[in-house]
Structures are given as structure tokens and as C-alpha cells.
Amino acid sequence: EMTDEMHRICGFRPGTFDGGVTSRIALVHPEDRARVEAAVKSFLSGRRRSLELEYRVCRGDSSVVWVNELATTERDATGRPVRVHGVCQDVTGRRQATESLRHQTGLMDLLQRITLAAAESSDLNDALHRCLIEICGQFGWPVGHAVTLGADGAAEGHIWYVEDRERDGPLRDRAQARGGDGIDLVERAVAACEAVWEIAPDGVSGFAFPVVVDGAP
């Protein structure tokens, strides 16, 4: 029997969702579904006495929530499950808080690594290259590009990080490509004095941001 709270968690009005195993699994996020299906199958077959899962649910209103589910079964004399008792809790807030803390911790670790890399570098270009390696590794970016500016604001030096030259070389070429206005991504960011995003027709995206000191990049 589905409680009103369970209907709310699944994104349905009370009494409008049957709550059957098949219907419930259909709501599980595609990335979690195989894991949940395997666990439920093992649970109902009797190979495990209880069920405890944490997974995402794609709700009836199209939003996504994280749930924690605990369940046990009543079985007849032959061992066949006749009733399932369970509790399902919306743990989205806890998951978001945990992820936020992990993100903040990761940024603090990155800042420490960048500071150490800069302190151990022999010159500015070496420092920028080491920082690019750390930043791209932290965020999973295959290509990184640092540009130093001359006194006139024009690009003076280029430092690159390319994870795989054969695979990611074309991305580097794209990063240097000029648009229809004859200006590349870095030059647009410098001119705007703020971060600039660009998404190509084939879906490849990139962005550039200036490091601003005393109001100037």
C-alpha cells in the first residue's frame, strides 16, 4: 500500500500511482536502474533477507530526487514472498549537502595544490603550466589554455595543457579558431572583462575567463 508521502516522493497525487515493483523501477533514474533491478530481484528471490538502497527517482513531475529505501519481506511456508514492508525516505537534501561539502573540499585542495605548484615553479610560464595541469585534472577538462597579456593588452604568451595530443589536438585548434568577427574566445573574454562561453554547432563547448587585477585583465 502506497502512503501519501510515498506518492509525494514519486511525484504523484495520492491514489494515482499503484506502487508496484514494475512501476517503481520504471521511475528509477536510468543510470541507477540496472543496480536497483538486480538488488530487487535478489531480494524477492530470497537470496537476501533485507533490502537497503539509495538511488535517484525521476518523479512524475519531471524532477529528480534521491531516496533511501529499506525493505523486508513476509514469506509463506514455501519461502515465497507474500508481502513487502518498507520505508522510503527523500534524502535529496542530505545528498546535496554532502555533494556541496565534497565540492568545497575539492576546491580547497585544488587551491593548496596550485599554491604549492606556483611556489615550486621556476618562472611564470612554468607556474601557469603547473596550474593548468591541476585545474584541468580537478574538473576533467581535456584541454587548458593560459594566455599572458602584454602592456598593450595583446596576447603575449600561450601556455597549453592537452591531455591526449592525438585525441584532443583538434580541440586545441578549435580553441584558437576565430569567429566571424575575427576575434577568438580569449580576446572576447579580455574585451568583456568577464567569462565568455561558446558552444559550437556540433555541441563542443569552451569558455575563457580573465584574471582581473585592479579592474583590468
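Residues numbered from 1 in each chain as written. Predicted model: local features only at pLDDT ≥ 70, side-chain atom pairs only at ≥ 80, totals over all residues. Heavy atoms only, no water.

1. A short note on the pairing of strand β2 (residues 64-75)
- Taken together, the 9 bridges between strand β1 (residues 50-58) and β2 define a ladder with antiparallel strand orientation. When the bridges of β2 are listed, Leu51 appears paired with Ala71.
- In the sheet, β2 pairs with strand β3 (residues 81-90) via 9 bridges, with the strands oriented antiparallel. Bridge pairing in β3 links Glu74 to Arg83.
- Between β2 and β3, which pair antiparallel one after the other, the connecting turn spans 5 residues, and Gly79 there sits at a positive phi close to 90°. (Pairing = 2+ DSSP bridges. Helix = DSSP H or I, 4+ residues; strand = E, 2+ residues; numbered from the N terminus.)

2. Some remarks on the pattern of salt bridges
- Tallied over the full model, the rule gives 12 salt bridges.
- Between Glu31 and Arg56 there is a salt bridge whose closest N-O contact spans 3.2 Å. Taken together, the residues Glu31 in helix α3 (residues 30-45) and Arg56 in strand β1 connect sequence positions 25 residues apart.
- On the basis of relative accessible area, Glu31 is assigned to the exposed category, the value being 64%.
- Residue Arg35 pairs with Asp32 through a salt bridge whose shortest N-O separation is 3.6 Å. In this pair, Arg35 and Asp32 both sit in helix α3, 3 residues apart, roughly one turn of the helix.
- Residue classification places Asp32 among the buried residues on the basis of a relative accessible area of 5%. (Salt bridge = Lys/Arg side-chain N within 4 Å of Asp/Glu carboxyl O. Buried < 20%, exposed > 50% of the residue type's maximum accessible area, 1.4 Å probe, protein only.)

3. Topic: the environment of Gly60
- Here Gly60 shows up in the loop between β1 and β2.
- Along the backbone, Gly60 and Phe12 are 48 residues apart, and their C-alpha atoms lie at a distance of 5.8 Å.
- Every residue in contact with Gly60, bar those within four places of it in the chain, is listed here: Cys10, Gly11 and Phe12. (Contact = heavy atoms within 4.5 Å.)

4. Focus on the packing of aromatic side chains
- For the coordinates displayed, the defined rule picks out 1 aromatic pair.
- Taking 5.0 Å as the distance between ring centres and 20° as the angle between the ring planes, the aromatic pair formed by Phe139 and Trp141 counts as stacked.
- Phe139 sits in the partly exposed class, given a relative accessible area of 37%.
- Note on Trp141: relative accessible area 30%, which makes it partly exposed.
- The lysine or arginine in question, Arg95, covers the ring of Trp66, its NZ or CZ lying 3.6 Å from the ring centre. (Phe/Tyr/Trp six-rings, centres within 6.5 Å; stacked < 30°, edge-to-face > 60°. Lys NZ or Arg CZ within 6 Å of the ring centre and 35° of its normal.)

5. Focus: helix α7 (residues 185-192)
- Looking at α7, one finds that the buried residues are Leu185, Val186, Arg188 and Ala189. Projection of α7 onto a plane perpendicular to its axis shows the buried side chains occupying an angular sector of 160°, all on one side.
- Where the residues of α7 are buried, they touch β4 (143-149), β6 (196-199) and β7 (205-208).
- Just past α7, the residue Cys193 takes up positive phi, approximately 60°. (Arc of directions from axis to C-beta.)

6. Overview of empty space enclosed by the protein
- Inspection of every chain in the model, using the stated rule, returns 1 cavity of 30 Å³ or more.
- Roughly 40 Å³ of volume is contained in the largest cavity.
- Residue lining of the largest cavity: Met6, Cys10, Arg24, Leu27, Tyr55, Val57 and Cys88, and that is the complete set.
- Going through the elements one at a time, α1 (4-10), α2 (21-27) and β1 are the ones with two or more residues in the lining of the largest cavity.
- Looking at the lining of the largest cavity, its residues break down into 6 nonpolar, no polar and 1 charged. (1 Å grid on protein atoms, 1.4 Å probe; cavity = no way out; pocket = protein on both sides within 12 Å on 5 of 7 lines; lining within 4 Å. Points joined across faces, edges and corners; volume = space filled by probe spheres on them. Nonpolar A, V, L, I, M, F, W, Y, C, P; charged D, E, K, R; others polar.)

7. Digging into helix α5 (residues 124-139)
- For α5, with 16 residues, the first-to-last C-alpha span of 22 Å sits near the 22 Å given by 1.5 Å per residue.
- Of the surrounding elements, those touching the buried residues of α5 are α4 (92-120), β4 and β5 (155-162).
- Between the side-chain oxygen of the N-cap and the backbone nitrogen of Asn125 there are 3.2 Å, and the N-cap of α5 in question is Asp123.
- With its phi angle positive at about 75°, Gly140 sits one or two positions after the end of α5. (Expected span 1.5 Å × (residues − 1). Polar contact = N/O pair within 3.5 Å; in protein donor to acceptor, adjacent residues only side chain to side chain.)

8. A word on the nonpolar core
- Val36, Leu51, Leu53, Tyr55, Val57 and Val67 are the most contacted members of the largest nonpolar core, which totals 20 residues.
- Breaking this core down by element, the ones donating at least two residues are α1, α2, α3, β1 and β2.
- When sequence neighbours within four positions are dropped, the list of residues in contact with Val36 reads Val28, Leu53 and Tyr55. (Core = buried A, V, L, I, M, F, W, Y, C linked by side-chain atoms within 4.5 Å.)

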